[in-house]
Amino acid sequence: MAEFECTVCGRCCMGMGRYVKVTGVMGPDKYAAIHGISNETFYPVVLKAFRGDFDIDKMKVEQGWCPFLMDADDEGKYYCAVHDTIPEFCRKYKCVSMRFYKSETIAGSLRGRTTLVSDDGALKSLWDNSVMTFPVDDYAAWKENLKKVLSDNGYTVEDYD
(Lines give C-alpha, C1' and ligand atoms only; values in the text may rest on other atoms or scores of the structure.)
Protein backbone atom coordinates (compact mmCIF):
# COMPACT_ATOMS: atom_id res chain seq x y z
CA MET A 1 0.00 0.00 0.00
CA ALA A 2 1.31 3.42 -0.96
CA GLU A 3 1.22 6.42 1.34
CA PHE A 4 -1.32 9.04 0.28
CA GLU A 5 0.18 12.32 -0.87
CA CYS A 6 -1.91 15.44 -1.33
CA THR A 7 -1.64 17.09 -4.76
CA VAL A 8 -2.61 20.50 -3.29
CA CYS A 9 -5.53 20.88 -5.70
CA GLY A 10 -7.70 22.42 -2.97
CA ARG A 11 -10.89 20.61 -4.00
CA CYS A 12 -11.54 19.03 -0.60
CA CYS A 13 -11.14 22.36 1.17
CA MET A 14 -13.35 24.20 -1.32
CA GLY A 15 -16.35 22.45 0.19
CA MET A 16 -15.41 22.68 3.86
CA GLY A 17 -16.63 26.23 4.48
CA ARG A 18 -19.96 24.96 5.73
CA TYR A 19 -18.20 22.77 8.33
CA VAL A 20 -15.12 24.73 9.42
CA LYS A 21 -16.22 27.74 11.44
CA VAL A 22 -14.04 30.33 13.12
CA THR A 23 -15.47 30.83 16.60
CA GLY A 24 -13.03 33.39 17.94
CA VAL A 25 -9.85 35.37 17.55
CA MET A 26 -7.20 34.41 20.10
CA GLY A 27 -4.60 36.95 19.04
CA PRO A 28 -2.70 38.03 15.95
CA ASP A 29 -2.88 35.16 13.45
CA LYS A 30 -4.40 32.83 16.08
CA TYR A 31 -8.00 31.62 16.05
CA ALA A 32 -10.43 29.26 17.71
CA ALA A 33 -12.41 27.13 15.30
CA ILE A 34 -14.62 24.07 15.12
CA HIS A 35 -14.87 21.35 12.49
CA GLY A 36 -18.55 20.50 12.22
CA ILE A 37 -18.18 16.97 10.84
CA SER A 38 -15.88 15.67 13.58
CA ASN A 39 -17.04 18.22 16.17
CA GLU A 40 -13.38 19.03 16.90
CA THR A 41 -12.43 22.33 18.44
CA PHE A 42 -9.00 23.39 17.25
CA TYR A 43 -6.78 26.44 17.56
CA PRO A 44 -5.30 27.27 14.17
CA VAL A 45 -2.27 29.51 13.84
CA VAL A 46 -1.54 31.13 10.47
CA LEU A 47 1.80 29.96 9.08
CA LYS A 48 4.48 32.63 8.76
CA ALA A 49 4.52 32.22 4.97
CA PHE A 50 0.89 33.41 4.79
CA ARG A 51 0.73 36.06 7.50
CA GLY A 52 1.11 38.97 5.10
CA ASP A 53 -1.61 37.64 2.75
CA PHE A 54 -4.11 36.05 5.11
CA ASP A 55 -7.19 38.07 6.04
CA ILE A 56 -9.96 36.12 7.75
CA ASP A 57 -12.52 38.73 6.70
CA LYS A 58 -11.71 38.32 3.00
CA MET A 59 -11.70 34.53 2.74
CA LYS A 60 -14.11 32.82 0.33
CA VAL A 61 -16.32 31.17 2.92
CA GLU A 62 -19.45 32.37 1.11
CA GLN A 63 -18.32 30.27 -1.87
CA GLY A 64 -18.07 27.21 0.37
CA TRP A 65 -14.33 27.39 0.94
CA CYS A 66 -12.69 26.58 4.25
CA PRO A 67 -11.82 29.94 5.82
CA PHE A 68 -8.14 28.93 5.90
CA LEU A 69 -7.77 27.96 2.22
CA MET A 70 -5.56 30.41 0.34
CA ASP A 71 -6.09 31.40 -3.30
CA ALA A 72 -4.09 29.43 -5.85
CA ASP A 73 -0.45 30.31 -6.31
CA ASP A 74 1.20 30.83 -9.72
CA GLU A 75 1.36 27.05 -10.24
CA GLY A 76 -2.36 26.58 -9.51
CA LYS A 77 -1.78 25.01 -6.09
CA TYR A 78 -3.95 25.81 -3.09
CA TYR A 79 -2.41 25.86 0.36
CA CYS A 80 -3.84 25.79 3.85
CA ALA A 81 -2.83 28.89 5.79
CA VAL A 82 -2.90 26.91 9.06
CA HIS A 83 -1.63 23.53 7.89
CA ASP A 84 0.52 22.85 10.97
CA THR A 85 -2.49 23.23 13.29
CA ILE A 86 -5.31 21.61 11.30
CA PRO A 87 -7.82 19.31 13.04
CA GLU A 88 -7.44 15.54 13.00
CA PHE A 89 -10.26 15.23 10.44
CA CYS A 90 -8.20 17.19 7.92
CA ARG A 91 -4.96 15.35 8.73
CA LYS A 92 -6.58 11.98 8.08
CA TYR A 93 -8.68 12.94 5.07
CA LYS A 94 -7.89 11.27 1.74
CA CYS A 95 -9.75 12.62 -1.26
CA VAL A 96 -9.13 9.45 -3.25
CA SER A 97 -8.56 5.81 -2.36
CA MET A 98 -6.39 5.07 -5.42
CA ARG A 99 -4.48 6.93 -8.10
CA PHE A 100 -3.68 5.57 -11.55
CA TYR A 101 -0.54 6.61 -13.41
CA LYS A 102 0.56 6.29 -17.03
CA SER A 103 4.25 7.05 -17.57
CA GLU A 104 4.50 8.68 -14.11
CA THR A 105 1.66 11.11 -14.90
CA ILE A 106 -1.64 10.91 -13.00
CA ALA A 107 -4.17 9.43 -15.42
CA GLY A 108 -7.04 9.14 -12.96
CA SER A 109 -8.19 8.38 -9.46
CA LEU A 110 -10.76 6.34 -7.59
CA ARG A 111 -13.29 8.23 -5.49
CA GLY A 112 -15.53 6.33 -3.17
CA ARG A 113 -15.67 2.64 -3.98
CA THR A 114 -16.03 2.54 -7.77
CA THR A 115 -16.07 6.06 -9.20
CA LEU A 116 -13.34 6.81 -11.74
CA VAL A 117 -12.25 10.43 -12.11
CA SER A 118 -10.20 10.81 -15.28
CA ASP A 119 -9.76 12.65 -18.57
CA ASP A 120 -7.79 9.71 -20.02
CA GLY A 121 -9.98 8.20 -22.77
CA ALA A 122 -8.16 4.85 -22.78
CA LEU A 123 -8.51 4.54 -19.00
CA LYS A 124 -12.22 5.42 -19.16
CA SER A 125 -12.75 2.78 -21.84
CA LEU A 126 -10.91 0.14 -19.79
CA TRP A 127 -12.96 1.12 -16.77
CA ASP A 128 -16.32 0.89 -18.53
CA ASN A 129 -15.58 -2.21 -20.62
CA SER A 130 -13.52 -4.26 -18.20
CA VAL A 131 -13.20 -3.03 -14.62
CA MET A 132 -16.90 -2.34 -14.09
CA THR A 133 -17.82 -5.80 -15.38
CA PHE A 134 -16.30 -7.36 -12.24
CA PRO A 135 -18.72 -8.04 -9.39
CA VAL A 136 -18.19 -5.58 -6.54
CA ASP A 137 -19.79 -7.67 -3.79
CA ASP A 138 -16.28 -8.86 -2.86
CA TYR A 139 -14.51 -5.49 -2.85
CA ALA A 140 -11.05 -6.90 -2.12
CA ALA A 141 -11.31 -9.22 -5.15
CA TRP A 142 -12.69 -6.35 -7.25
CA LYS A 143 -9.66 -4.19 -6.34
CA GLU A 144 -7.24 -6.99 -7.23
CA ASN A 145 -8.95 -7.45 -10.62
CA LEU A 146 -8.80 -3.68 -11.16
CA LYS A 147 -5.07 -3.61 -10.40
CA LYS A 148 -4.36 -6.52 -12.75
CA VAL A 149 -6.33 -5.07 -15.67
CA LEU A 150 -4.74 -1.65 -15.33
CA SER A 151 -1.26 -3.08 -14.85
CA ASP A 152 -1.69 -5.30 -17.93
CA ASN A 153 -2.54 -2.14 -19.88
CA GLY A 154 0.46 -0.08 -18.79
CA TYR A 155 -0.98 1.75 -15.79
CA THR A 156 0.57 1.89 -12.33
CA VAL A 157 -1.84 1.75 -9.39
CA GLU A 158 -1.30 3.35 -5.99
CA ASP A 159 -3.73 2.01 -3.37
CA TYR A 160 -4.15 4.12 -0.24
CA ASP A 161 -6.54 1.87 1.69
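For clarity, every value in this text was computed on a predicted model and none was experimentally measured.

## Section: the pattern of salt bridges
If you walk through the whole model with that rule in mind, you get six salt bridges. Residue Lys-147 pairs with Glu-144 through a salt bridge whose shortest N-O separation is 3.6 Å. With Lys-147 and Glu-144 both in helix H3 (residues 139–152) and three residues apart, this pair spans about one turn of that helix. Given a relative accessible area of 23%, Lys-147 falls into the partly exposed group. Exposure remark for Glu-144: the relative accessible area of 48% places this residue in the partly exposed category.

## Focus on the packing of aromatic side chains
The final tally for this structure, using the stated rule, is eight aromatic pairs. A centroid spacing of 5.9 Å and a plane angle of 15 degrees characterise the contact between Phe-54 and Phe-68, whose relative ring orientation is stacked. A residue pair is termed long-range when its members are at least 10 positions apart, and Phe-54 in the loop between strand E3 (40–42) and helix H1 (88–92) and Phe-68 in the loop between E3 and H1 qualify at 14 residues. Overall, Phe-54 belongs to the buried group, its relative accessible area being 8%. Through pairs of rings, three or more aromatic residues link up here, namely Phe-100, Trp-127, Tyr-139 and Trp-142. Its end group placed over the ring of Tyr-155, Lys-102 keeps NZ or CZ at 4.3 Å from the ring centre. Looking at Arg-113, its charged tip hangs above the ring of Tyr-139, at a distance of 3.9 Å from the centre.

## Regarding the sheet that holds strand E2 (residues 30–35)
Spatial strand order, E1-E2-E3: three strands in an open sheet with antiparallel pairing. Here the strands that pair on one side only, and so sit at the sheet edges, are strand E1 (20–27) and E3. Sheet twist, expressed as the average angle between the axes of neighbouring strands with direction ignored, equals 15 degrees. Across three bridges, E2 lies against E3 in antiparallel orientation. When the bridges of E3 are listed, His-35 appears paired with Glu-40.

## Focus on unusual backbone geometry
A positive phi is found at Asp-29, a non-glycine position, where the angle reads about 65 degrees. Turning to its location among the elements, Asp-29 is positioned in the loop between E1 and E2. With a relative accessible area of 21%, Asp-29 lands in the partly exposed category. Residue Glu-104 is not a glycine yet carries a positive backbone phi of 65 degrees.

## Considering the sheet that holds strand E7 (residues 156–159)
Across the sheet, which stays open at both edges, the four strands sit in the order E6-E5-E4-E7 with antiparallel pairing between neighbours. At either margin of the open sheet sits one strand with a lone partner, and together these are strand E6 (115–118) and E7. Strand-to-strand, the axes of this sheet are offset by a mean angle of 25 degrees, without reference to chain direction. Note that strand E4 (residues 98–102) and E7 share four bridges and pair antiparallel.

Quick notes on the rules
Residues numbered from 1 in each chain as written. Predicted model: local features only at pLDDT ≥ 70, side-chain atom pairs only at ≥ 80, totals over all residues. Heavy atoms only, no water. Salt bridge = Lys/Arg side-chain N within 4 Å of Asp/Glu carboxyl O. Helix = DSSP H or I, 4+ residues; strand = E, 2+ residues; numbered from the N terminus. Buried < 20%, exposed > 50% of the residue type's maximum accessible area, 1.4 Å probe, protein only. Phe/Tyr/Trp six-rings, centres within 6.5 Å; stacked < 30°, edge-to-face > 60°. Lys NZ or Arg CZ within 6 Å of the ring centre and 35° of its normal. Pairing = 2+ DSSP bridges. Axes fitted to C-alpha atoms, helices over the stretch in contact; angles between N-to-C directions.

By themselves, these figures tell us nothing about what the structure is for.
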